[in-house]
Amino acid sequence: MSGAATRPAFVIAVDGPAASGKGTLAAALGRAYALPVLDTGLLYRAVGVLTARAGADLDDAAAARAAAAALTADLLGDPALRTRAAGEAASRVAVHPGVRAALLDYQRAFARQEGGAVLDGRDIGTVICPDAPAKLYVTASPQVRAERRRLQLAARGEVVAIAEVLADIARRDDRDGGRAAAPMGPAPDAVLLDTTDMSIEQATDAARRIVEAARARWEAR
Ligand code: DC
């Protein structure tokens, strides 16, 4: 369509709690629509890891903000960001408004690139890209999320008992959803997708249908 270049980018916002399947779905949507994908959780994980490596306390807002300001994209491939400790550290530094502010421009610039982008996180539909034409909020029961996370960690050599992973998830949900700055939650116009009883294929199909409907509305504007 000739008007495509003059339109705002087609942005797909995928939010949801830890291990809900949002990363897998964001990657699948990126492949389906040939759009670049940003896992914004990695940014917070990198800030958490950098803050800890600097020897600072994760509750130290100024130190965490300095780590966020020093962040460079080449750090995002570091396998250390995928560990259980990095997830917990990310959730802790993510409560600081200064950290969130320091990461805002990078995320918005990624979303604005020509053609569009897929971003997954906690506040994409509410704060980073409130005008995104397609918004999903992906959930699953805590038990199912814990088992998915346990398997992911085990595949990377980190063996953790299911009860501990479940406790991690409950703590992350409380902290991510309860913080004052950009708390995790669905945007009013997000479509909820509960993947508890779905295979990856079923969840991907459901996500594709949601995005197709959003894209049709966006094209028809
Ligand atoms: O998606 P993840 O589990 O890798 O995210 C790690 C933590 O980072 C999460 O518990 C909270 C924080 N986070 C956030 O506050 N906002 C985002 N957009 C993405 C992640």
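We now turn to the structure provided with this report. (Residues numbered from 1 in each chain as written. Predicted model: local features only at pLDDT ≥ 70, side-chain atom pairs only at ≥ 80, totals over all residues. Heavy atoms only, no water.)

Neighbouring the ligand are 15 residues; Arg 45, Arg 100, Arg 172, Asp 176 and Arg 179 lie closest to it. At a separation of 2.9 Å, a nitrogen atom of the ligand approaches a polar side-chain atom of Asp 123. Separating an oxygen atom of the ligand from a side-chain N or O atom of Arg 179 is a distance of 2.8 Å. When isolated, the ligand has an accessible area of 450 Å², and the protein chains bury 97% of it. Listing elements by their share of the shell around the ligand, those giving two or more residues are α2 (41-53), α4 (84-93) and α8 (162-178). Considering each element in turn, the shell around the ligand owes the most residues, 3 residues, to α2. In terms of residue class, the shell around the ligand is built from 3 nonpolar, 4 polar and 8 charged. (Near = heavy atom within 4 Å. Polar contact = N/O pair within 3.5 Å; in protein donor to acceptor, adjacent residues only side chain to side chain. Areas by Shrake-Rupley, 256 points an atom, 1.4 Å probe, with all protein chains shown as cover. Helix = DSSP H or I, 4+ residues; strand = E, 2+ residues; numbered from the N terminus. Nonpolar A, V, L, I, M, F, W, Y, C, P; charged D, E, K, R; others polar.)

Glancing now at the packing of α2 against helix α5 (residues 97-112). Where α2 contacts α5, the two axes come as close as 11 Å, and the packing angle between them is 135 degrees. By the angle between their axes, α2 is oblique relative to α5. As for the relative orientation of α2 and α5, their crossing is right-handed in sense. Every residue of α5 that contacts α2 at Leu 43, Tyr 44 and Val 47 is listed here: Val 99, Arg 100, Leu 103, Tyr 106 and Gln 107. In the contact of α2 with α5, the residues fall into 6 nonpolar, 1 polar and 1 charged. (Axes fitted to C-alpha atoms, helices over the stretch in contact; angles between N-to-C directions. Parallel < 35°, antiparallel > 145°, perpendicular 65-115°, else oblique. Left-handed = near helix turned anticlockwise from the far one by under 90°. Contact = heavy atoms within 4.5 Å.)

It is worth spelling out the nonpolar core at this point. Of all hydrophobic cores here, the largest spans 33 residues; its most connected members are Val 47, Leu 103 and Leu 119. Among the secondary structure elements, those contributing two or more residues to this core are β1 (10-15), α2, α3 (61-69), α4, α5, β3 (116-121) and α6 (124-128). Those residues in contact with Leu 103 that lie beyond four places of it in its chain are Leu 43, Tyr 44, Val 47, Ala 68 and Leu 71. Counting 20 residues, the second-largest nonpolar core is a separate cluster that includes Leu 25, Leu 136, Ala 203 and Ile 210. (Core = buried A, V, L, I, M, F, W, Y, C linked by side-chain atoms within 4.5 Å. Buried < 20%, exposed > 50% of the residue type's maximum accessible area, 1.4 Å probe, protein only.)

Below, the discussion takes up the side chain of Arg 149. Mapped onto the fold, Arg 149 is located in helix α7 (residues 142-155). Look at Arg 149: it is buried, it has no salt bridge, and the nearest opposite charge is Asp 168 at 7.4 Å. The residues contacting Arg 149, other than those within four sequence positions of it, are Ala 19, Arg 45, Val 165, Ile 169 and Arg 172. (Lys, Arg positive; Asp, Glu negative; His and termini not counted. Salt bridge = Lys/Arg side-chain N within 4 Å of Asp/Glu carboxyl O.)

Before going further, it helps to spend a moment on the sheet that holds strand β2 (residues 37-39). Within the open sheet, the 5 strands sit side by side as β2-β3-β1-β4-β5. Their pairing is parallel. Edge positions in the sheet fall to β2 and β5 (191-194), since each of these pairs with one other strand and no more. Neighbour-to-neighbour, the strand axes of this sheet turn through a mean angle of 20 degrees, independent of strand direction. Summarising the sheet, β2 and β3 pair through 3 bridges and their orientation is parallel. Considered in β3, the bridge of Asp 39 is made with Asp 120. Against the sheet, helix α1 (residues 22-33) touches β1, β2, β3, β4 (134-139) and β5, its axis set at about 175 degrees to β3. On top of the sheet, α5 reaches β1, β2 and β3; it is set at about 140 degrees to β3, its chief contact. (Pairing = 2+ DSSP bridges.)

Attention now goes to α2. Structural remark: α-helix, 3.6 residues per turn; residues separated by three or four positions point the same way. Helix length check: α2 (13 residues) gives 18 Å between terminal C-alpha atoms against 18 Å at 1.5 Å per residue, within 8%. Listing the buried residues of α2 in full gives Leu 42, Leu 43, Tyr 44, Arg 45, Ala 46, Val 47, Gly 48, Val 49 and Thr 51. Gly 55, located one to two residues past α2, shows a positive phi value of around 80 degrees. (Expected span 1.5 Å × (residues − 1).)

The subject of this paragraph is the packing of aromatic side chains. Applying the stated criterion across every chain, the model contains 2 aromatic pairs. Ring geometry for Phe 10 and Tyr 33: centres 6.3 Å apart, planes at 50 degrees, overall tilted. You can see Phe 10 sitting in strand β1 and its partner Tyr 33 sitting in helix α1, a full 23 residues away along the chain. Overall, Tyr 33 belongs to the buried group, its relative accessible area being 15%. On the numbers, 5.0 Å between centres and 55 degrees between planes, the contact of Phe 10 with Trp 218 is tilted. Taken together, the residues Phe 10 in strand β1 and Trp 218 in helix α9 (residues 200-219) connect sequence positions 208 residues apart. Across the pair, Trp 218 and Phe 10 agree in class, each one buried. By the ring-pair criterion, three or more aromatic residues cluster together here, those being Phe 10, Tyr 33 and Trp 218. Across the ring face of Tyr 33, the terminal group of Arg 208 is positioned such that the distance to the ring centre comes to 5.6 Å. Over the face of the ring belonging to Phe 10 we find Arg 215, whose NZ or CZ atom lies 4.7 Å from the ring centre. (Phe/Tyr/Trp six-rings, centres within 6.5 Å; stacked < 30°, edge-to-face > 60°. Lys NZ or Arg CZ within 6 Å of the ring centre and 35° of its normal.)

Read these as layout, nothing more, since geometry by itself doesn't imply function.
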